[in-house]
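If you want the building blocks of each chain, they are given just below.
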Amino acid sequence: MRNLTLQSKIFVYGALFVTAISLLIGTSFYFTMSESIEQQIGNRALNIAVTTASRPDVVGGFESTNPSDVLQPIAEEVRKLTGAEYVVIGNTQGIRYAHPVPKRIGQKMVGDDNERALVKGEAYISEATGTLGPALRGKAPIRNLEGKIIGVISVGFLKDDISHTFFSYVDSIITIVLIAILLGVIGSSILARSIKKVLFNLEPTEIAHLFTERNTLIESVREGIIMVDKDARISMINKAAFDMLSIPENTYLIGRRVEEILPNTLLPQVLTTGEKQFDRSMQIRGKETIVNRIPILVGNEIVGAVSSFRLQADFNQLTTELSQVKQYTEALRAQTHEYQNFLYTISGLIQLNSLEEALHLIHDETEEHQSLIHFVTKRLQDPYLGGLVIGLFNRARELKVRFILDEDSQLNSLPKHLEKSLFVSIIGNLVTNAFEAVEHLEESERIVRLLISDNGNEILLEVEDSGDGLSPVIQEFIFKSRVSTKEGQDRGYGLMKVSSDINDLSGVSSIEKGDLGGALFIISIPKGGFLHDGSH
């Protein structure tokens, strides 16, 4: 059964169910009818016995010299008229006076069920086995004119004859059952095809997979998604939508009208017109968003609509990140120009035969570069972070900033379970912000310090600058929203990204006033991956 299709299973189960019900009803009807027929025959036997027992000629027969001569013809007449198998009359000792088989007259009655009639004077129905076989009997006492019991009469119908009566109805019952089964099979086939069509010919496992994939896909995207039915009631909403709408995740929204959540939504309009709307600007709870809306169609009927939306700030952040990449590209280009100038200088010195000056210049440059590489690789043995720090040194030289790697810095390697790209993002954003914080100062006052230390349980990062520092008001919100001390519209994304990366690493951060006079950012990342109980 496991390998059958859904349509086959519905058909088989439906057919089996109808067959079982039909057989059960047919069997129940047969036994009910059998009991009813037995009851009717028993009552018939009893009525015949009572009526015959009260006949005057039967009572008078007992007073004759030879009762059998009188009673035998009467019993045979009654038997033939009523269709009974036998009519037996006996005295108080159970000796037969009348019997269908004449040679058994004078013998004792068989069955041992005469006591209730002869002793208690009752008329009743009994089932016993006599000389002619198992039978259903009606027994009644025979009383004389004074009311004294003088004998017993037994009217019987053989069980075999009753069974034949039952079987005469079996063909009709079987025919009815077969017709019911046939109709059930046809109905199961129609139902199976109808259900299969409604389910787009998909199997249950395929539907389950599609449902799981659909939920996973919806929850994996960073866009907020809201789906409504044809009455504009919410039928689905993903986690990103909860976050963007600033609604607690445990709030139950399914079944509520979308206007209750988004009063200015245009989804009802999409349900009415069927128009697709792409990249429309909309303000949601004070946040600028970019919204797409499309109707859900089944055939030509609109059965719902879906809206996806993304914060405008996310697009702005991407623009900022692209701008930063461009800045790094320009810095590399500037560094390339510097080295070209350096090479031009050496080339000119050689052409002027100033070989000692050329060698001295090359030696100083090489010694400075090797000293930097040796210092960084000794302190930071992780090549990923070492390469980042060397790049920052080159960037600092371009910006005429004194960049200091703290002498207490020490890191052998990052644990494998901690994402290195997050460390690069944190350090890169903080140091870049520090460079920008000191760019307005005199060259001699532009100082930025970096500390990367592993104390065994956690990795400690410190970035300090000699800038103007941060006010307490800005410190409170600088990680939580787009806050920047620099001019310009596309600002404040770097520290939001730092906050997100710190959360991803289960770390904590704090901001203090540093010894250099500017801001001091302190980041603590647990090596075990557990969450600290703290907040930014």
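Please refer to the structure higher up on the page.
Criteria and cut-off values
- Residues numbered from 1 in each chain as written.
- Predicted model: local features only at pLDDT ≥ 70, side-chain atom pairs only at ≥ 80, totals over all residues.
- Heavy atoms only, no water.
- Buried < 20%, exposed > 50% of the residue type's maximum accessible area, 1.4 Å probe, protein only.
- Helix = DSSP H or I, 4+ residues; strand = E, 2+ residues; numbered from the N terminus.
- Pairing = 2+ DSSP bridges.
- Axes fitted to C-alpha atoms, helices over the stretch in contact; angles between N-to-C directions.
- Phe/Tyr/Trp six-rings, centres within 6.5 Å; stacked < 30°, edge-to-face > 60°.
- Lys NZ or Arg CZ within 6 Å of the ring centre and 35° of its normal.
- Contact = heavy atoms within 4.5 Å.
- Salt bridge = Lys/Arg side-chain N within 4 Å of Asp/Glu carboxyl O.
- Parallel < 35°, antiparallel > 145°, perpendicular 65-115°, else oblique.
- Left-handed = near helix turned anticlockwise from the far one by under 90°.
- Nonpolar A, V, L, I, M, F, W, Y, C, P; charged D, E, K, R; others polar.
- Patch = residues over 30% accessible without salt bridge, like charges linked within 9 Å, V, L, I, M, F, W, Y side chains within 5 Å.
- Areas by Shrake-Rupley, 256 points an atom, 1.4 Å probe, with all protein chains shown as cover.
- Core = buried A, V, L, I, M, F, W, Y, C linked by side-chain atoms within 4.5 Å.
- Expected span 1.5 Å × (residues − 1).

**Concerning the pairing of strand β4 (residues 133-143)**
Look at any regular strand and the pattern is simple: side chains alternate between the two faces of the sheet.
Part 1 of the reasoning: Of all eleven residues in β4, nine are buried, a share of seventy percent or more.
Part 2 of the reasoning: As defined by bridge partners, β4 adjoins strand β5 (residues 149-158) across nine bridges and the pair is classed as antiparallel. If you follow Ile142 over to β5, its bridge partner there is Gly151.
Part 3 of the reasoning: Between β4 and β5, which pair antiparallel one after the other, the connecting turn spans five residues, and Gly147 there sits at a positive phi close to 90 degrees.

**Some words on the sheet that holds strand β8 (residues 277-284)**
Part 1 of the reasoning: Strand order across the open sheet formed by five strands is β7-β6-β10-β9-β8, with antiparallel pairing between neighbours. In this open sheet, the two edge strands, each paired with only one partner strand, are β7 (234-237) and β8. Across this sheet, the average inter-strand angle for adjacent strands is 25 degrees, counted without regard to direction.
Part 2 of the reasoning: Inspection of the sheet shows strand β6 (residues 224-229) paired to β7 by three bridges, in the antiparallel sense. Residue Met227 lies in a different strand from β7, and its bridge partner there is Met236.

**Focus on the packing of aromatic side chains**
Part 1 of the reasoning: For the structure on display, the rule yields three aromatic pairs.
Part 2 of the reasoning: Lying over the aromatic face of Tyr124, Arg116 brings its terminal NZ or CZ to 4.2 Å of the ring centre.

**A word on the sheet that holds strand β11 (residues 402-405)**
Part 1 of the reasoning: With mixed pairing, five strands are arranged side by side in an open sheet as β11-β12-β13-β15-β14. The open sheet has two edge strands with one neighbour each: β11 and β14 (508-513). Here the strands of the sheet are splayed against their neighbours by 15 degrees on average, with no regard to which way each runs.
Part 2 of the reasoning: The pairing of strand β13 (residues 458-465) with strand β15 (residues 519-526) spans seven bridges and is antiparallel. Bridging from a neighbouring strand, Val463 pairs with Phe521 of β15.
Part 3 of the reasoning: Packing of helix α12 (residues 383-398) onto the sheet brings it into contact with β11 and β12 (447-454), and relative to β11 it is tilted by some 155 degrees.
Part 4 of the reasoning: On top of the sheet, helix α13 (residues 420-438) reaches β11, β12, β13 and β15; it is set at about 15 degrees to β13, its chief contact.

**Some remarks on the pattern of salt bridges**
Opposite charge on two side chains allows them to pair when their charged atoms are near.
Part 1 of the reasoning: Within the structure shown, the criterion is met by twelve salt bridges.
Part 2 of the reasoning: Linking Arg257 and Glu259 is a salt bridge whose minimum nitrogen-to-oxygen distance equals 3.4 Å.
Part 3 of the reasoning: For Arg257, a relative accessible area of 29% translates into the label partly exposed.
Part 4 of the reasoning: In this structure, a network of salt bridges that share partners links the residues Asp406, Arg449, Glu462 and Glu464.

**Observations regarding the environment of Ser413**
Part 1 of the reasoning: Among the structural elements, Ser413 can be located in the loop between β11 and α13.
Part 2 of the reasoning: By relative accessible area, which is 44% here, Ser413 ends up partly exposed.
Part 3 of the reasoning: Sequence separation of Ser413 and Asp454 is 41 residues, and the distance between their C-alpha atoms is 9.0 Å.

**Observations concerning the packing of α12 against α13**
Helix packing geometry: the angle between the two helix axes and the distance between the axes.
Part 1 of the reasoning: For the pair α12 and α13, interaxial distance at closest approach is 10 Å and the crossing angle is 15 degrees. Taken as axis vectors, α12 and α13 run roughly parallel relative to one another. At the point where α12 passes α13, the crossing takes the right-handed sense. Across from Tyr384, Leu385, Leu388, Leu392, Arg395 and Ala396 in α12, the residues of α13 making contact are Lys420, Ser421, Phe423, Val424, Ile427, Gly428, Val431 and Phe435.
Part 2 of the reasoning: Of the residues assigned to the contact of α12 with α13, the class counts are ten nonpolar, two polar and two charged.

**Focus on a nonpolar patch on the surface**
Part 1 of the reasoning: Taken together, the side chains of Ile179, Leu182, Leu183, Ile186 and Ile190 present a nonpolar region at the surface, about 510 Å² in accessible area.
Part 2 of the reasoning: Relative to the helices and strands, Leu183 is located in helix α5 (residues 159-198).

**Describing the environment of Glu127**
Part 1 of the reasoning: The residue Glu127 is located in strand β3 (residues 124-130) in this model.
Part 2 of the reasoning: Measuring from C-alpha to C-alpha, the distance between Glu127 and Leu158 comes to 9.7 Å, with 31 residues separating the pair along the chain.
Part 3 of the reasoning: Contacts of Glu127, omitting those with residues within four sequence positions, involve Ala135, Leu136 and Lys159.

**What to know about the nonpolar core**
Part 1 of the reasoning: Val389, Phe403, Phe423, Ile427, Leu450 and Ile452 are the most contacted members of the largest nonpolar core, which totals 42 residues.
Part 2 of the reasoning: Among the elements of the structure, α11 (355-379), α12, β11, α13, β12, β13, α15 (493-504) and β15 are those that each provide at least two residues to this core.
Part 3 of the reasoning: Looking at this core element by element, the count peaks at nine residues for α13.
Part 4 of the reasoning: In terms of nonpolar packing, the next biggest core, distinct from the first, is built from 29 residues, Met33, Val87, Ala98 and Ala140 among them.

**Let's talk about helix α3 (residues 67-82)**
Part 1 of the reasoning: Relative to the 22 Å expected for 16 residues at 1.5 Å per residue, α3 spans 22 Å between its end C-alpha atoms, a close match to the ideal helical length.
Part 2 of the reasoning: Following α3 by one or two positions, Gly83 has its phi on the positive side, about 80 degrees.

**Focus: unusual backbone geometry**
Part 1 of the reasoning: Non-glycine residue Lys400 carries a positive phi angle of around 60 degrees.
Part 2 of the reasoning: Relative to the elements of secondary structure, Lys400 occurs in the loop between α12 and β11.
Part 3 of the reasoning: By relative accessible area, which is 49% here, Lys400 ends up partly exposed.
Part 4 of the reasoning: The backbone phi angle of Ser506 is positive, close to 60 degrees, even though this residue is not glycine.
Part 5 of the reasoning: Here Ser506 shows up in the loop between α15 and β14.

**Notes on the environment of Ala117**
Part 1 of the reasoning: One can find Ala117 in helix α4 (residues 115-118).
Part 2 of the reasoning: Overall, the relative accessible area of 0% leaves Ala117 in the buried class.
Part 3 of the reasoning: Sequence-wise, Ala117 and Gly151 are 34 residues apart; in three dimensions their C-alpha atoms are separated by 8.6 Å.
Part 4 of the reasoning: Other than its neighbours up to four places away in sequence, Ala117 contacts Glu122, Tyr124, Ala140, Pro141, Ile149 and Val152.

**Focus on the pairing of strand β9 (residues 287-298)**
Part 1 of the reasoning: In this structure, β8 lies alongside β9, joined through six bridges in antiparallel fashion. Note on β9: the bridge partner recorded for Met282 is Thr289.
Part 2 of the reasoning: Hairpin connection, β8 to β9: the antiparallel pair is bridged by two residues, and Arg285 has positive phi, about 50 degrees.
Part 3 of the reasoning: In textbook terms, the turn of a hairpin is the stretch between consecutive antiparallel strands, and for β9 and strand β10 (residues 301-311) this stretch comprises two residues, one of which, Gly299, has a positive phi near 70 degrees.

By themselves, these observations are geometric and do not establish any function.
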